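Listed here are the chains, written in short residue letters.
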Amino acid sequence: MKKINFKKSEISKDFSQDIGYSSNYSIKLVNDLLDCMIENICNSDLKLKNFGSFKIINKSKRIGRNPKTKEPKTVSQRNVVLFKPSNQFKNFINFEQNDQS
């Protein structure tokens with residue numbers, strides 16, 4: 001499986017080319033969309049129909065281990081974002097993988 005890393009500038013360039021928006025407007029659109037998503041995830045769960053849902057979960061402090069040295073280390077308490085894909089998204093991914101086989 002090929003790993004693709006997108007930059008916001010590349011996404012806005014795609015918007016600009018595909019939809020015909022100016023590059024400045026496309027950059028603002030991408031930034032506003034991501035800011036809106038982050039704000040909503042921080043305030044509550046974010047659900048995007050036919051795509052999936054994002055929510056913040058709190059991970060407790062725990063004892064971890066350095067895989068190289070096997071040395072125990074305390075992993076601090078932290079918040080992480082959990083993404084759960086929708087059934088339609090999962091079906092699309094599974095259909096795409098079956099087509100490539």
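You'll find the structure just up there.
Residues numbered from 1 in each chain as written. Predicted model: local features only at pLDDT ≥ 70, side-chain atom pairs only at ≥ 80, totals over all residues. Heavy atoms only, no water.

## Overview of the overall build of the protein chain
Turning to step 1, where the next piece is worked out: Regarding its fold elements, the protein chain presents 3 helices and 5 strands.
Turning to step 2, where the next piece is worked out: Ordered by position in the sequence, the α and β elements of the protein chain form the string α-α-β-β-β-β-β-α.
Turning to step 3, where the next piece is worked out: For 101 residues, the compact-globule estimate of 2.2 N^0.38 gives 13 Å, and the protein chain exceeds it by more than 25% at 19 Å.
Turning to step 4, where the next piece is worked out: Across the protein chain, the fraction of contacts at a sequence separation of at least 24, relative to all contacts at a separation of at least 6, is 31%.
Turning to step 5, where the next piece is worked out: When the accessible area of the protein chain is evaluated, it comes to approximately 9,000 Å², of which 53% is carbon and sulfur surface.
Turning to step 6, where the next piece is worked out: Between the centroid of the 19 positive side chains of the protein chain and the centroid of its 10 negative side chains there is a distance of 12 Å. (Helix = DSSP H or I, 4+ residues; strand = E, 2+ residues; numbered from the N terminus. Rg over C-alpha atoms; globule rule 2.2 N^0.38 Å. Contact = heavy atoms within 4.5 Å. Areas by Shrake-Rupley, 256 points an atom, 1.4 Å probe, with all protein chains shown as cover. Lys, Arg positive; Asp, Glu negative; His and termini not counted. Charge placed at Lys NZ, Arg CZ, Asp CG, Glu CD.)

## Regarding unusual backbone geometry
Negative phi is the rule for most residues except glycine; trans is the rule for most peptide bonds.
Turning to step 1, where the next piece is worked out: For N50, which is not glycine, the phi dihedral falls at a positive 65°.
Turning to step 2, where the next piece is worked out: Mapped onto the elements of the fold, N50 is located in the loop between β1 (46–48) and β2 (52–59).
Turning to step 3, where the next piece is worked out: Even without a glycine there, the phi angle at K70 is positive, about 60°.
Turning to step 4, where the next piece is worked out: Structurally, K70 is set in the loop between β3 (62–65) and β4 (72–75).
Turning to step 5, where the next piece is worked out: Under the relative-accessibility criterion, K70 is labelled exposed at 53%. (Buried < 20%, exposed > 50% of the residue type's maximum accessible area, 1.4 Å probe, protein only.)

## What about the packing of helix α1 (residues 8–19) against helix α2 (residues 23–43)?
Turning to step 1, where the next piece is worked out: For the pair α1 and α2, the least separation of the axes is 8 Å and the interaxial angle reads 125°. The orientation of α1 relative to α2 falls into the category oblique. Like other packed secondary-structure pairs, α1 and α2 cross with a definite hand, here right-handed. Between α1, through K8, I11, S12, F15 and S16, and α2, the contact on the second element is made entirely by S23, S26, I27, L29, V30, N31 and L34.
Turning to step 2, where the next piece is worked out: Its residues assigned to classes, the contact of α1 with α2 comprises 6 nonpolar, 5 polar and 1 charged. (Axes fitted to C-alpha atoms, helices over the stretch in contact; angles between N-to-C directions. Parallel < 35°, antiparallel > 145°, perpendicular 65-115°, else oblique. Left-handed = near helix turned anticlockwise from the far one by under 90°. Nonpolar A, V, L, I, M, F, W, Y, C, P; charged D, E, K, R; others polar.)

## A closer look at the environment of F89
Turning to step 1, where the next piece is worked out: Tracing the backbone shows F89 in helix α3 (residues 87–100).
Turning to step 2, where the next piece is worked out: When the C-alpha atoms of F89 and F51 are compared, they prove to be 5.6 Å apart, with 38 residues separating the residues in sequence.

## A word on the packing of aromatic side chains
Turning to step 1, where the next piece is worked out: Counted by the stated rule, this structure contains 5 aromatic pairs.
Turning to step 2, where the next piece is worked out: With 4.8 Å between their ring centres and 40° between their planes, F54 and F83 make a pair best called tilted. With F54 in strand β2 and F83 in strand β5 (residues 78–85), this pair connects stretches of sequence that are 29 residues apart.
Turning to step 3, where the next piece is worked out: Aromatic side chains F83 and F89 sit 6.3 Å apart centroid to centroid with 65° between the ring planes, which places their arrangement in the edge-to-face category. (Phe/Tyr/Trp six-rings, centres within 6.5 Å; stacked < 30°, edge-to-face > 60°.)

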